[in-house]
Amino acid sequence: MLDEVQGVHVVRGSIHPARIVLMVVGVLAVFGVLIAWPVIDSAGEYLFAFAALAAPPMVGSTSRALTPRTLHLVGHHLGVKVTLFSSSDMLMFGQVKRALMRAFEARSRSMDRRDLAGYDEAFRKLNQVL
C-alpha cells in the first residue's frame, strides 16, 4: 500500500466563519475606543474603554480554542488525490503524521537493503503475485 502512495503533504482546513466575524468586531471595537479617547473624561468611561480593548483578545483566544482548524494528510494513491487522515486534534494529528513518515522511512530503508543485496527484482515479482 505504501508503495502506491506518493506526494503526502499537510493541508490546513479553512478558518471557521465565526472567528472572522469576531476578529472584525474586535478591530472595530479598538478603532471605536481610539476615536472616542479624546472625549473620555470619567472613570466609568475609562473602564468601558479598557473592557472594549481587553475583550477582543480574550474572545479571540476562546474562539480559537472552541473552533480549531482541521488538518488533513493528503496524498496521491494510484494517481488519485486522497485524504489519508483528518483531525482537528493537533496532538493526534502529529502522532499519525509521524507514524506515517516513519513507515515511509522504514519502507525506504528496506528497499535500499534489498537493492544492495540484489533481491529487489525477486521481491517485486513476489508482490505482484500476491
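To be clear, the structure that these remarks concern was listed above.
Now for a quick tour of the structure.

About the cut-offs
- Residues numbered from 1 in each chain as written.
- Predicted model: local features only at pLDDT ≥ 70, side-chain atom pairs only at ≥ 80, totals over all residues.
- Heavy atoms only, no water.
- Core = buried A, V, L, I, M, F, W, Y, C linked by side-chain atoms within 4.5 Å.
- Buried < 20%, exposed > 50% of the residue type's maximum accessible area, 1.4 Å probe, protein only.
- Helix = DSSP H or I, 4+ residues; strand = E, 2+ residues; numbered from the N terminus.
- Contact = heavy atoms within 4.5 Å.
- Patch = residues over 30% accessible without salt bridge, like charges linked within 9 Å, V, L, I, M, F, W, Y side chains within 5 Å.
- Areas by Shrake-Rupley, 256 points an atom, 1.4 Å probe, with all protein chains shown as cover.
- Salt bridge = Lys/Arg side-chain N within 4 Å of Asp/Glu carboxyl O.
- Expected span 1.5 Å × (residues − 1).
- Bend = angle between axes of the 7 residues up to and from the residue.
- Arc of directions from axis to C-beta.

1. Considering the nonpolar core
Okay, so step 1: Grouped together as the largest cluster of nonpolar side chains are six residues: Val5, Leu71, Leu73, Phe93, Leu100 and Phe104.
Okay, so step 2: Elements supplying a minimum of two residues to this core: strand E2 (71–77) and helix H3 (90–117).
Okay, so step 3: For this core, the leading source of residues is H3, giving three residues.
Okay, so step 4: Not counting the four nearest positions on each side in its chain, Leu71 is found in contact with Val10, Val11, Arg12, Phe85, Ser86, Ser87, Met90 and Phe93.

2. As for a nonpolar patch on the surface
Okay, so step 1: Together, Ile15, Ile20, Met23, Val24, Val27, Leu28, Phe31, Leu34 and Ile35 make up a nonpolar patch on the protein surface, roughly 900 Å² of accessible area in all.
Okay, so step 2: With respect to the helices, strands and loops of the structure, Ile20 is situated in helix H1 (residues 17–36).
Okay, so step 3: Judged by its relative accessible area of 44%, Ile20 falls in the partly exposed class.

3. Let's talk about unusual backbone geometry
Okay, so step 1: Positioned with a positive phi, Leu78 is a non-glycine residue whose angle comes to about 55 degrees.
Okay, so step 2: Within the secondary structure layout, Leu78 lies in the loop between E2 and strand E3 (80–87).

4. Structural notes on helix H2 (residues 43–66)
Okay, so step 1: With 24 residues, H2 extends 34 Å from end C-alpha to end C-alpha; this agrees with the ideal 34 Å at 1.5 Å per step.
Okay, so step 2: Of all the bends in H2, the largest measures some 30 degrees and sits at Ala55, one to four residues before the proline Pro56.
Okay, so step 3: Along its buried surface, H2 packs onto H1.

5. Thoughts on H1
Okay, so step 1: With 20 residues, H1 extends 29 Å from end C-alpha to end C-alpha; this agrees with the ideal 28 Å at 1.5 Å per step.
Okay, so step 2: Within H1 the residues assigned to the buried category are Arg19, Gly26 and Val33. Viewed end-on, H1 has its buried residues packed into an arc of 50 degrees, placing them on one side of the element. Residues Pro17, Val21, Leu28 and Ile35 are exposed on H1 and point more than 90 degrees away from its buried face.
Okay, so step 3: Each element contacted by the buried residues of H1 is listed here: H2.

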